[in-house]
Amino acid sequence: MNKTELNQNKQLPSKKERHKLFGSVEPGPRTKPMEKDQMADLQNSKKDFLFDIDMVGVSNVKHPIRIPSTMTPEIQTTIGSFSFGSSITQGSKGTNMSRFTEQLDKYHNEGFAVDIVTLKQFTEELAGRLKQSDAEVEVSFPWFFERKGPYSGLAGMNHADATIRVEYDKETGHDVTVSLTGKITTLCPCSKEISEYSAHNQRGNVTMSVKLTDDFKEQEIDWKAALLEAAESNASARIHPVLKRPDEKMVTEQAYENPRFVEDIVRLVAADLYEYSFVEAFTVKCRNEESIHLHDAVATLSYDKKKEAE
Ligand SMILES: Nc1nc2c(ncn2[C@@H]2O[C@H](COP(=O)(O)OP(=O)(O)OP(=O)(O)O)[C@@H](O)[C@H]2O)c(=O)[nH]1
């Protein structure tokens, strides 16, 4: 049916009358100032407000961002979920929340590419804008990468969940922690050992949180690709978007030849992170979605190379 054939016989009241019908009322008298400089500024009141606050800010801010990558696609537009904050002292009532998103828009207008150098600059500038001695910014986003079938070479897109967290303090400088959750295939070693045929397998979620060394250079290392490789190269098999039968055979056999418990995964991934010179400390978690249970199998391992050096 097209526009002219539609039967529109109902006589509706005007939009203004409709709003009134549903409860809208005439605006009341305006007694408070409209000009910014005459408005009360509660958040900037100075008094003894009992406690310092560790962090106050905004979270769950969705924004388009550009992500550079050494894997294809080399630049991608994706959606970042941001949180911003800073501490405030006992003497301040509140922070100026509009300044977080105001700064985000400034960077957006300058073509915000979310890399570590830019985020460090962003966080330091934010502390200045807030007139605080510290600030923190965290952004999480789905990072996409091309993956080819091992035999056919047919490509498709996979993704991993990435997070960058930058903490800035006027006294101590920047601390950067990056995280990546990649998905892998694991095949149960116990099931393989005890069964006449087959072995059950799982989809594993490997989350690596890594504190970067102060001299980390992202022009030399793509941390996303490095963490993904740590997870996938230690798995029973990698996960692929496109698999033809020869690919499927290869992936199935590879998983059977490389059985892994959840404990094996966290230890093997930890070994790779230990060898990465840009990693100062790390936590590895693996959560296997079990195919023979309704529950998941989980393991966590943390290591701090700085403590080892002490
Ligand atoms: N501090 C504080 N602000 C809030 C809270 N809830 C909402 N707001 C925000 O207060 C913001 C406006 O505050 P400011 O950023 O201080 O605005 P302003 O004082 O005009 O901004 P400046 O000119 O930068 O000082 C709005 O964006 C609201 O979102 C809250 O719980 N605490």
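Everything below is about the structure printed above this text.
Scope of this entry: the structure provided in the associated data block. In this text the structure is predicted, and so the values were computed from the model without any measurement.

Calculation rules
- Residues numbered from 1 in each chain as written.
- Predicted model: local features only at pLDDT ≥ 70, side-chain atom pairs only at ≥ 80, totals over all residues.
- Heavy atoms only, no water.
- Salt bridge = Lys/Arg side-chain N within 4 Å of Asp/Glu carboxyl O.
- Helix = DSSP H or I, 4+ residues; strand = E, 2+ residues; numbered from the N terminus.
- Buried < 20%, exposed > 50% of the residue type's maximum accessible area, 1.4 Å probe, protein only.
- Core = buried A, V, L, I, M, F, W, Y, C linked by side-chain atoms within 4.5 Å.
- Contact = heavy atoms within 4.5 Å.
- Near = heavy atom within 4 Å.
- Polar contact = N/O pair within 3.5 Å; in protein donor to acceptor, adjacent residues only side chain to side chain.
- Areas by Shrake-Rupley, 256 points an atom, 1.4 Å probe, with all protein chains shown as cover.
- Nonpolar A, V, L, I, M, F, W, Y, C, P; charged D, E, K, R; others polar.
- Axes fitted to C-alpha atoms, helices over the stretch in contact; angles between N-to-C directions.
- Parallel < 35°, antiparallel > 145°, perpendicular 65-115°, else oblique.
- Left-handed = near helix turned anticlockwise from the far one by under 90°.
- Pairing = 2+ DSSP bridges.

Let us look at the pattern of salt bridges. Across all of its chains, the model carries 16 salt bridges by this definition. One salt bridge in this structure joins Glu102 and Arg129, with 3.8 Å as the shortest N-O distance. Of this pair, Glu102 sits in helix α2 (residues 98–109) while Arg129 sits in helix α3 (residues 116–130), and the two are 27 residues apart along the sequence. Under the relative-accessibility criterion, Glu102 is labelled partly exposed at 46%. Using a relative accessible area of 24% as the deciding quantity, one classes Arg129 as partly exposed. In this structure, the salt-bridge partner of Arg165 is Glu136, at a minimum N-O distance of 3.0 Å. Residue Arg165 is found in strand β4 (residues 155–169), and its partner Glu136 is found in strand β3 (residues 134–148); the two are separated by 29 residues along the sequence. By sharing partners, the salt bridges in this structure join Glu136, Glu138, Arg165 and Glu167 into a single network.

It is worth spelling out the nonpolar core at this point. Counting 57 residues, the largest nonpolar core has Phe82, Phe84, Ile164, Met208, Trp223 and Leu273 as its most contacted members. With sequence-adjacent residues up to four places away left out, Ile164 is seen in contact with Val114, Ile116, Leu119, Val137, Glu138, Val139, Phe141, Val176, Thr177, Val178 and Trp223. Leu187, Ala237, Val251 and Ala255 belong to the second-largest nonpolar core, a separate cluster that totals five residues.

Looking at the ligand, the residues that line it are Lys36, Asp41, Gln43, Thr95, Asn96, Met97, Ser98 and Arg99. A distance of 2.9 Å separates an oxygen atom of the ligand from a polar atom in the side chain of Gln43. Interatomic distance of 3.0 Å between a backbone N/O atom of Thr95 and a nitrogen atom of the ligand. Here the ligand loses 52% of its free accessible area of 660 Å² to cover by the protein chains. A breakdown of the residues in the shell around the ligand according to their chemical character gives one nonpolar, four polar and three charged.

The subject of this paragraph is the packing of α2 against α3. One way to put it is that α2 packs onto α3 with a least axis distance of 10 Å and a crossing angle of 140°. With respect to each other, α2 and α3 are oriented oblique. Where α2 crosses over α3, the handedness of that crossing is right-handed. Across from Arg99, Phe100, Glu102, Gln103, Leu104, Lys106 and Tyr107 in α2, the residues of α3 making contact are Thr118, Gln121, Phe122, Glu125, Leu126, Arg129 and Leu130. Along the lines of polarity and charge, the residues of the contact of α2 with α3 split into six nonpolar, three polar and five charged.

Bringing the sheet that holds strand β2 (residues 75–88) into the picture now. Taken together, eight strands build an open sheet; the order of strands is β1-β2-β3-β4-β5-β6-β7-β8 and the sheet is antiparallel. In this open sheet, the two strands that pair with only one neighbour each are β1 (53–68) and β8 (296–304). Between one strand axis and the next, the sheet turns by 15° as a mean value, whatever way the strands run. Relative to strand β5 (residues 173–187), β4 runs antiparallel, the two sharing nine bridges. In the sheet register, Thr163 faces β5, and the bridge partner there is Ser179. This element, α3, spans β2, β3, β4, β5 and β6 (201–212) of the sheet and lies at about 155° to β3. The sheet strands contacting helix α7 (residues 262–275) are β5, β6, β7 (279–289) and β8, and the helix crosses β7 at an angle near 160°.

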